[in-house]
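Listed below are the residues making up each chain.
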Amino acid sequence: MTRSANASERARQAQDGDEETRYQAIATLDPVDDQELALLLGGLGDASWRVRLAAVERIVNASDASRALPKLLETLDGGPSASSRNAAAMALGRLGSISVPGLLERLDSPTPETRTAAAEVLGEIQDRRAAPALIARLVDPDANVRNTCAEALGKIGGPEAGPALLAALPQADTSLRVAALDAMARLQVVPPVAMLSELAHDRQLRRAAYRLLGWSQESAAFELLVRGLGETSRAAREGALAAIGQQRTRHVRHALEPLARMVRSLGEHIAHIGESCLAALGAEDPMVAAGALTVLGWLGDPHYAPAMARVAEDEALRPIVAEAFQAMGPGVGATLKGTLGDLSPGARTAVLAALARLGDASILPGLVEAAQSPEEAVRSAAIDAMGRLGDLRALPSLMDLLDNPDPEPATAAAAAMVHIAGRSAEGRAAVLAVCRRRGAAPSQPPALYRVLGQVGDPDDSVVIRAAFSAGRPSVRIAAARSLAAMGERGAFSGPPPPELTEALDDRVPQVRAEAAKALGAIAWASHGARPTQPAPSNELARGLAAALRDEEPTVRAAAALAIGRSGMRALAPALKELATEAGAAAEAVGAAVRALSELGMADSIMLERAASHPDPEVVKEAVAAAARLPDPAGTALLLGAAGHARWDVRRAAARAIAARGERALIEPLRRLAATEADPLVAEAFADALRGLESKGA
Amino acid sequence: MKKSFDLDTPPLGESEFRLLRDLIYEHCGLYFQDEMRFLVERRLMPRLQALGLRDYESYYRYLRYDAGKRAELEAAAEALTTNETYFYREPHQLRAFAEEILPMMAVSNAKERRLRIWSAGCSTGEEAYTIAILVKTSGLFDGWDIDIFGCDIARGVLAVARAGSYGQHAFRMPESDLLRRWFHLVGGRWTVDDSIRKMVNFGHMNLLDDKMVGLMGTADVIFCRNVMIYFDLPAKKRVLRNFHDKLREGGFMLLGHSESLLNVTADFELIHLRNDLVYRKPVAKK
């Protein structure tokens, strides 16, 4: 049977009494055919939502959907039912910018319903061409039109929307004010606090007015927020809480301390505020929950803690829960005993970690159990919390974890032990005691050497050096890293141990690389921040020079950096060779450039070559080095890099220009700051410009 | 939430965020919008701790150049995409699946008596086991060849999925009580019954890896819920092209509650079932 022969059957089915038959028929109609398009437009008014939505889908997905535009606009003007007009509005919104001219015309329709519908769809489409017409309609004689235009402007935004809404506020009626305030919240445009204070006297405006305080920069906003917390209306209180949550996202914690003091000084009202915050913890808007948690933290009543802990089910709110518990102090843990078991592993661990920060020792068994979790995130958070807790009774469990064949929990346990050692002299002594007891026996887990490297005394290097004879490469790697850590913190200086120089010949590339890094760290520790020209041992110089020619790029890079840090100017020619070697890995080339710069031996020819390297990290090394290059070639290189195709190179150039401090670069910088399209880079150019200008002032 | 509240962790600056985002995107096609910076910061922070790195710039360099960079890129992808999930998530959609889609499948596949369902981005397996239980309890497929395949880019979650052992909190939805008879309480944890377990297989897969996806057989239903949020538009199109290739004609695709194919592809038709909206691969016109 041909398609035309089927047409009448499809038409019949599209109007059948059975919903499913109509739905199936609509899905087969072709909007290219005028008759079938008419059936689809008729389907927009169908009694069933499924059929209406199916008709919208067919119309907007047609190959030439614009054909339906006049009819859709007609339906919007005066469709037979509210359902059909709504479905037409949905279709027009889905068609996007091609609907805009027709919708703008309808903003002048004599029928308020049409003007409202047009404004609503324009808001959905978010085409900025519509803003002037919507602004003009903020004084429409019909209240629905005015309100919808304000809402639409909130969605569309643009430079004129916020000021227009602000200007409309004084003369507006209450419903327009509500709509305008909500729209301004979307746009983050804030009226002065004095105006919001006035508006908050109106019962219907309170919620929106308080909500906007979240974006206010005025210190007077805090007083008004305190007023908001004491409101009798739940909506108004939640507006204030959302604003506090918003303020918290915009500032560091202590910036809200004046507000916290005001809240705590409310005396008899505190209990009432606490209860309303408790009710707001389940609010759908996460900002309200964030504000409620923040205030409950300030109030400090541990009875609120179980409900607060349950909010940690939302991953995004976990840090705020932790912060609130921190503000409440150590009494929190005792009230949470019955709650922790009901929480998901992630939430439970987040709460335990927060309690660990408070030093609540009663949670240690819970942490030990969570440290065995099959879920990595839970496990690592629990181990980290054991470190933060700083309780020495955690050491046996952490020592057991050092032996874990999975390097992740073992490494986390090592970090936790370092944390404990850093908290007190007693902690350090206890950590070193258990590690030394274990370290006296050969073949220890790699993580043990990590602890010794970060906590141990110079004498502990004996145990670490002995580990270089271990069969397992992971132990030799850990030993090298351990010596590097000792070097970094100045616990090991003087001539490098022979084991490290020998390790430059290790059969495992990663051992060689880590040995080179350790040599650099120890050299740095020996010579301080300003490298001199020490007389390195012949073995060390030979070893590092050989490592520069290693087959592994990571070894070459580590050796180059070690030479730079050691101040071995005699090896500069070998570094230059590496920096300009065709085909050398980017990591090694970048490291050679950096090392030469540290030695003060980078030259313009080498840097220009590096600046045209395909790897942006090499280019950034060249740019950083050019800041220190005394001749004009450095300036030229930096200006060239400021026009590089990659944003991160341009940003590095901005920083290098600032570091170079050459006032002649002010004019070029001004041009760059004005023309840079990437906001992050433009900001870096502007910062550099301010730096240079202030230097000359 | 657009702000990190962590008290003593290194902040992820905008610049480092962009560099890390681009690197991860190059590696596996996951794309993180600007507003996800603080989520990225929170999720990657344990990786910095595990590697003993002091800031995100060092982490970026590690991912670029370290010998272990490939393994670490996988670990980063895993940390960034692993979400806690639970049984019977999005009940409306599962009702549409159980009450409307499965009966259709029972008719359309009656001849070959075979049903293939793909849970793409299965995380720790709750979705795949929920599907298996719904298929089983429908009573429509007794004696059929059933294969439910769960895949994820994160290897760690697959180990949990294969173990099929869950804590109380995985049953947080009221509807999930109906599933409980298919679990045994072992050592305080709920372990999935073998009759369900044998219906489900799990495997590692990046949905953007055309070769890996190419090895898949055709599916009757694809669940891919709350996964597309990690892809930019070109990646979404690629994934959906792969799904389109692997879905049989008339097969269904179920996305997350807030996900839509609007302005992404017109290869699927939107079907308005009574319980929910789902997508379907159109049947070619003869």
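Preceding this paragraph is the structure being described.
In this text, all values refer to a predicted model and were calculated from it rather than measured experimentally.

Scoring rules and cut-offs
Residues numbered from 1 in each chain as written. Chains lettered and ligands numbered in written order. Predicted model: local features only at pLDDT ≥ 70, side-chain atom pairs only at ≥ 80, totals over all residues. Heavy atoms only, no water. Helix = DSSP H or I, 4+ residues; strand = E, 2+ residues; numbered from the N terminus. Rg over C-alpha atoms; globule rule 2.2 N^0.38 Å. Buried < 20%, exposed > 50% of the residue type's maximum accessible area, 1.4 Å probe, protein only. Contact = heavy atoms within 4.5 Å. Areas by Shrake-Rupley, 256 points an atom, 1.4 Å probe, with all protein chains shown as cover. Lys, Arg positive; Asp, Glu negative; His and termini not counted. Charge placed at Lys NZ, Arg CZ, Asp CG, Glu CD. Pairing = 2+ DSSP bridges. Axes fitted to C-alpha atoms, helices over the stretch in contact; angles between N-to-C directions. Polar contact = N/O pair within 3.5 Å; in protein donor to acceptor, adjacent residues only side chain to side chain. Buried area = accessible area lost by both parts, 1.4 Å probe. Salt bridge = Lys/Arg side-chain N within 4 Å of Asp/Glu carboxyl O. Nonpolar A, V, L, I, M, F, W, Y, C, P; charged D, E, K, R; others polar. Phe/Tyr/Trp six-rings, centres within 6.5 Å; stacked < 30°, edge-to-face > 60°. Left-handed = near helix turned anticlockwise from the far one by under 90°.

## As for the overall build of chain A
If you tally the helices and strands in chain A, you get 44 helices and 0 strands. A globule of 697 residues ought to have a C-alpha radius of gyration of about 26 Å, yet chain A, at 34 Å, is considerably larger. Considered along the principal axes of its C-alpha atoms, chain A spans approximately 95 × 70 × 65 Å. Counting all 697 residues of chain A, 54% fall into the buried class. Residue pairs in contact within chain A that sit at least 24 positions apart in sequence constitute 63% of those at least 6 positions apart. When the accessible surface of chain A is split by element, carbon and sulfur atoms take 53% of a total near 29,300 Å². Here chain A contributes 75 positively and 85 negatively charged side chains, and the mean placements of these two sets differ by 4 Å.

## Quick word on the sheet that holds strand E10 (residues 277–280) of chain B
Strand pairing in a sheet is mediated by backbone hydrogen bonds. Such pairs are either parallel or antiparallel. Residue and element names in this part refer to chain B. Across the sheet, which stays open at both edges, the 7 strands sit in the order E6-E2-E1-E7-E8-E10-E9 with mixed pairing between neighbours. Two strands lie at the open edges of the sheet, namely strand E6 (200–204) and strand E9 (269–272), each paired on one side alone. Geometrically, the sheet is characterised by an average inter-axis angle of 25° between neighbouring strands, direction not taken into account. Relative to E10, E9 runs antiparallel, the two being bridged by 4 bridges. Of the residues in E10, the one forming a bridge with Glu269 is Arg280. Contacting strand E1 (114–120), strand E7 (219–224) and strand E8 (247–255), helix H10 (residues 233–246) crosses the sheet at an angle of about 135° to E8.

## Considerations on the sheet that holds strand E3 (residues 165–166) of chain B
All names here are of chain B. Across the sheet, 3 strands lie side by side as E3-E5-E4; this open sheet has antiparallel pairing. Each edge of the sheet is formed by a strand with only one pairing partner; in this case those strands are E3 and strand E4 (183–186). With 2 bridges connecting them, E3 and strand E5 (residues 189–192) associate as antiparallel partners. Residue pairing in the sheet places Ser165 in a bridge with Thr191 of E5.

## So, the side chain of A:Glu57
Relative to the assigned elements, A:Glu57 resides in helix H4 (residues 49–60). For A:Glu57, a relative accessible area of 16% corresponds to the buried category. Side chain to side chain, A:Glu57 and A:Arg94 meet in a polar contact 3.0 Å long. Once you skip the residues sitting within four places of it in the chain, A:Glu57 turns out to touch A:Arg94, B:Leu270 and B:His272.

## Some details on the environment of A:Arg207
Residues and elements named next belong to chain A. With respect to the helices, strands and loops of the structure, Arg207 is situated in helix H14 (residues 206–212). When the C-alpha atoms of Arg207 and Glu9 are compared, they prove to be 56 Å apart, with 198 residues separating the residues in sequence. In this view, Arg207 contacts Asp182, Ala235, Ala236 and Gly239; residues no more than four positions away in its chain are not counted.

## Thoughts on the interface of chain B and chain A
At the interface, 35 residues of chain B touch 54 residues of chain A. For the pair chain B and chain A, the summed buried surface comes to about 4,000 Å²; carbon and sulfur atoms form 50% of the total. A salt bridge links A:Glu617 to B:Arg61; the shortest N-O distance between them is 3.6 Å. Counting across the chain B and chain A interface gives 11 residue pairs in polar contact (both at pLDDT 80 or more). If you tally residues by element for the side of chain B that touches chain A, the top one is helix H2 (residues 37–51) of chain B, at 7 residues. Within the side of chain B that touches chain A, the residues separate by chemical class into 16 nonpolar, 5 polar and 14 charged.

## Considering the packing of aromatic side chains
All names here are of chain B. Taken as a whole, this structure holds 12 aromatic pairs over all chains when the rule is applied. On the numbers, 5.5 Å between centres and 70° between planes, the contact of Tyr129 with Phe202 is edge-to-face. Of the two residues, Tyr129 sits in helix H6 (residues 126–138) while Phe202 sits in strand E6, which places them 73 residues apart along the sequence. Members of the aromatic cluster, each reached through a chain of ring pairs, are Phe87, Tyr129, Tyr166, Phe171, Phe183, Trp190 and Phe202.

## A short note on the pattern of salt bridges
Counted under the stated rule, the structure contains 67 salt bridges over all chains. Close ionic contact of A:Glu667 with A:Arg670 constitutes a salt bridge, the shortest N to O distance being 2.6 Å. Of this pair, A:Glu667 and A:Arg670 both sit in helix H43 (residues 666–675), separated by 3 residues, roughly a single helical turn. Take A:Glu667: its relative accessible area is 41%, and that puts it in the partly exposed class. Judged by its relative accessible area of 37%, A:Arg670 is partly exposed. Its salt-bridge partner being B:Arg155, residue B:Glu74 comes within 3.2 Å of it at the nearest N-O pair.

## As for the packing of helix H17 (residues 257–264) of chain A against helix H19 (residues 286–299) of chain A
Residue and element names in this part refer to chain A. Look at H17 against H19: their axes get within 9 Å of each other, and the N-to-C directions meet at 65°. Between H17 and H19 the crossing geometry is right-handed. Residues Leu259, Ala260, Val263 and Arg264 of H17 form the contact with H19, whose own contacting residues are Val295, Trp298 and Leu299. Taken together, the residues that form the contact of H17 with H19 break down as 6 nonpolar, no polar and 1 charged.

By themselves, these figures tell us nothing about what the structure is for.
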